[in-house]
Amino acid sequence: MRNKKVIHLIFAVLLIPLTVIFYGCGKEKKQESKSLTVVSWGGVFQDAQREAFFKPFAEKFGVEVKEESYSGEYARIEAMVNAKDVKWDVIEVESNFLLSATKKGLLEPMDYKVIDKSKLIETAIHPNGVATIVWATVLAWNKDRLPKGVPPPSSWKDFWDVNKYPGLRGLRKTPRVSLEMALLVDGVTPDKLYPIDVERALKKLDEIKPHISWWTSGADSQQKLVSECVLTNIWNGRAWATLQDGKPVDMTLNQGFLDYDWWVVPKGAKNKKLAMKFIDFASNPEGQIAIANKFGYGPPNKTAFRLMDNKTRKYMPSDPNNLPMLIRFDAQWWAENEAWITEKWNEWLLK
Amino acid sequence: MKGSRRVYYLFFLPVLVYIVVFYVLPIATITVKSILSEDGRFTLANYGRIISQPVYLKVAYNTVKIAAIVAGSCLFLGYPVAYLLSRSQASVKRILIFIVLTPFFVITIVRTFAWMVILGLNGPANALLAALGIIREPLRLLSNFFSVWIGLTHLFLPIMILILQNSMEQINPRIIQAAHSLGAGPRVVFWKVYLPLTIPGIVAGTAIVFLLATGVYITPSLLGGGKEIMMAMVIEEQVNSLLNPAFGSALAVSFAVIVLGSLFLVNSFVDVTKFLQGT
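Given the structure is predicted, the values throughout are model-derived calculations rather than measurements.

**Some details on the overall build of chain B**
Next up, step 1: Broken down by element type, chain B carries 14 helices and 0 strands.
Next up, step 2: Reading the helices (α) and strands (β) of chain B from amino to carboxyl end gives α-α-α-α-α-α-α-α-α-α-α-α-α-α.
Next up, step 3: Principal axes of the C-alpha set define a box for chain B whose edges measure 75 × 75 × 35 Å.
Next up, step 4: When burial is assessed residue by residue, chain B has 39% of its 279 residues classed as buried.
Next up, step 5: Put simply, of all contacts in chain B between residues at least 6 apart along the chain, 70% involve residues at least 24 apart.
Next up, step 6: For chain B, the accessible area works out to roughly 16300 Å², and carbon and sulfur atoms hold 71% of it.
Next up, step 7: The averaged location of the 8 negative side-chain charges in chain B is 16 Å from the averaged location of its 19 positive side-chain charges.

Here it is in structure tokens:
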């Protein structure tokens, strides 16, 4: 008798996960069609997106917007699509994922009958994605650490000039942009940057290697700019946030590297039609201006600038006045070459 | 009687199911993924690339080296603390254990950020050194081997202490008394009697900390400079930035084989059971 009880107990324990699994499956099928799951990068950024895009969209169209956050675990999206169990409808992704996912066929094409192309700048339009922010990797500095009487830095040449601007330099621990910076300083013109001469760039980077303080995340770059670096390469939004915090920093968009974040719809998304409506809605100026004011990332909407003040416009990468001094970051070239460059880069780091 | 024994084996069933679902299956999936090409055919190209590119061997060596140094420092720092713990009275011990475990109440990423602030160029560590007159210019304590070493040692020290303490408490105090009464001085007692008796704990603690340290990701990526690249960072880079999970899987499998193989080797050299029999 006792044995039987033990066996029952064990079965009962084993049944718990099964029940949970079945309950989960049942719930899945009941999903309503009038809801949309949007995925972004979390934190204060997504908080702002909620006010700028998600809530107004939900109100206007009478739907429910569900939110999730991730931090660029693109492997998850690939796994979802391959398993044909796509829980996400709209995702904000970086250029490298837009391009490689397009190649792998992981994305739904944008429906430009629903999304009004004409309100967007030309570079914000891709067959499988629509840009949501225009950002740049720029040169920023800590005003308190500049030597007295020396004018603020104006280009990447100053980043290499350790006599004029002594001190640590923050650099993102990735070959992206680092190699381009090195080549520009070594005399390559912006139109001749690609294909990148990796050996030449690494040789130029050798010159400043002992002065580099590596950063890996956006928060990290802000922290290092405030606490120990004189100069850094940094995402313009992060420099903007540091500036808004009242810290003694400033930046120049000159020679900044222009890139985009995109809205995409994963292949097999359950609420595709609503997703397209959302992307069209999020391309309107109102929401984009709110994001731009708070984070300094430029709006891809053509008319948004007319509604912004001059002080803010000065820092907006997509402002027509600023575009000439920025350099196009070739995400396509990187998508094709990053694998072998990363090996060379890691080897260089370990040296 | 035999029947009831068999029933007790059933208690292992949930653990077995758990291990199969969350351990064996994922590892099998990763292994299969690493030997399939994009169109689903068998290939060893990923492993060929690992062998032909010296950078991956360098990273593996780097990882093993850092993990070994961290395990060694945890042993060195943890041994006296564990000894103190094993010898103190219950009331004192409770407080000491609480202090040892406190770091566990704070998640790794917060602890790591705390070290970034403490070790920064204008952080408290440099301020202290300057106030004591030891340095004039602030030292670079961050983004190098030193900061990774501190961060990881801090992370794993409690685990080492608890394992050592456990093995020390199992020592029969009469053996020590017997050694004393037979005329051995304190030094001889420690080196010839006490230390050998704690070797199982030393081996277990060092092996566990070593294994855990080979898999760390957050600490070396935030506290490390250019040179402190560890295996988990390279694997993450392949899976998330370069969108090549197959190659990342191959790296994970190869490294697991290297680490487990080297542990197996060490285990066959240092025969733990032999030491146990000696007692």
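**Here's the deal with the interface of chain A and chain B**
Next up, step 1: At the interface, 36 residues of chain A touch 41 residues of chain B.
Next up, step 2: Here chain A and chain B share an interface that buries about 3200 Å² over both sides, 60% of which is from carbon and sulfur atoms.
Next up, step 3: There are 2 salt bridges connecting chain A and chain B.
Next up, step 4: Two residues, arginine 49 of chain B and glutamate 343 of chain A, come together in a salt bridge whose shortest N-O distance is 2.6 Å.
Next up, step 5: Put simply, chain A and chain B have 11 residue pairs in polar contact (both at pLDDT 80 or more) between them.
Next up, step 6: Mapped onto the side of chain A that touches chain B, the elements with two or more residues apiece are helix H1 (2–29), helix H3 (74–82), helix H4 (95–104), strand E7 (212–215), helix H8 (218–227) and helix H13 (331–350) of chain A.
Next up, step 7: Tallying contributions element by element places H13 of chain A first for the side of chain A that touches chain B, with 8 residues.
Next up, step 8: Its residues assigned to classes, the side of chain A that touches chain B shows 14 nonpolar, 10 polar and 12 charged.

**Quick look at the domain arrangement of chain A**
Residue and element names in this part refer to chain A.
Next up, step 1: One can read the domain layout of chain A as domain 1 (34–134 + 260–318) and domain 2 (135–259 + 328–350).
Next up, step 2: Placing the centre of domain 1 and that of domain 2 at their C-alpha centroids yields a distance of 27 Å.
Next up, step 3: Counting residues at the interface gives 18 residues for domain 1 and 18 residues for domain 2.
Next up, step 4: Linking domain 1 with domain 2 are 0 salt bridges.
Next up, step 5: Our count for the contact surface shared by domain 1 and domain 2 stands at 7 residue pairs in polar contact (both at pLDDT 80 or more).
Next up, step 6: Those elements giving two or more residues to the side of domain 1 that touches domain 2 turn out to be H4, strand E5 (129–142), strand E9 (249–264) and helix H11 (285–295).

**Section: the nonpolar core**
Next up, step 1: Within the largest apolar cluster, 100 residues are counted, with the highest numbers of intra-cluster contacts made by Phe159, Leu179, Leu205 and Phe257 of chain A together with Phe156 of chain B.
Next up, step 2: Among the elements that line this core, the one with the most residues is helix H4 (residues 54–87) of chain B, at 13 residues.
Next up, step 3: Apart from residues no more than four positions distant in its own chain, leucine 205 of chain A is found in contact with Trp160, Leu171, Ser178, Leu179, Ala182, Trp345 and Trp348 of chain A.

Rules behind the numbers
- Residues numbered from 1 in each chain as written.
- Chains lettered and ligands numbered in written order.
- Predicted model: local features only at pLDDT ≥ 70, side-chain atom pairs only at ≥ 80, totals over all residues.
- Heavy atoms only, no water.
- Helix = DSSP H or I, 4+ residues; strand = E, 2+ residues; numbered from the N terminus.
- Buried < 20%, exposed > 50% of the residue type's maximum accessible area, 1.4 Å probe, protein only.
- Contact = heavy atoms within 4.5 Å.
- Areas by Shrake-Rupley, 256 points an atom, 1.4 Å probe, with all protein chains shown as cover.
- Lys, Arg positive; Asp, Glu negative; His and termini not counted.
- Charge placed at Lys NZ, Arg CZ, Asp CG, Glu CD.
- Buried area = accessible area lost by both parts, 1.4 Å probe.
- Salt bridge = Lys/Arg side-chain N within 4 Å of Asp/Glu carboxyl O.
- Polar contact = N/O pair within 3.5 Å; in protein donor to acceptor, adjacent residues only side chain to side chain.
- Nonpolar A, V, L, I, M, F, W, Y, C, P; charged D, E, K, R; others polar.
- Domains from an automatic or database assignment.
- Core = buried A, V, L, I, M, F, W, Y, C linked by side-chain atoms within 4.5 Å.

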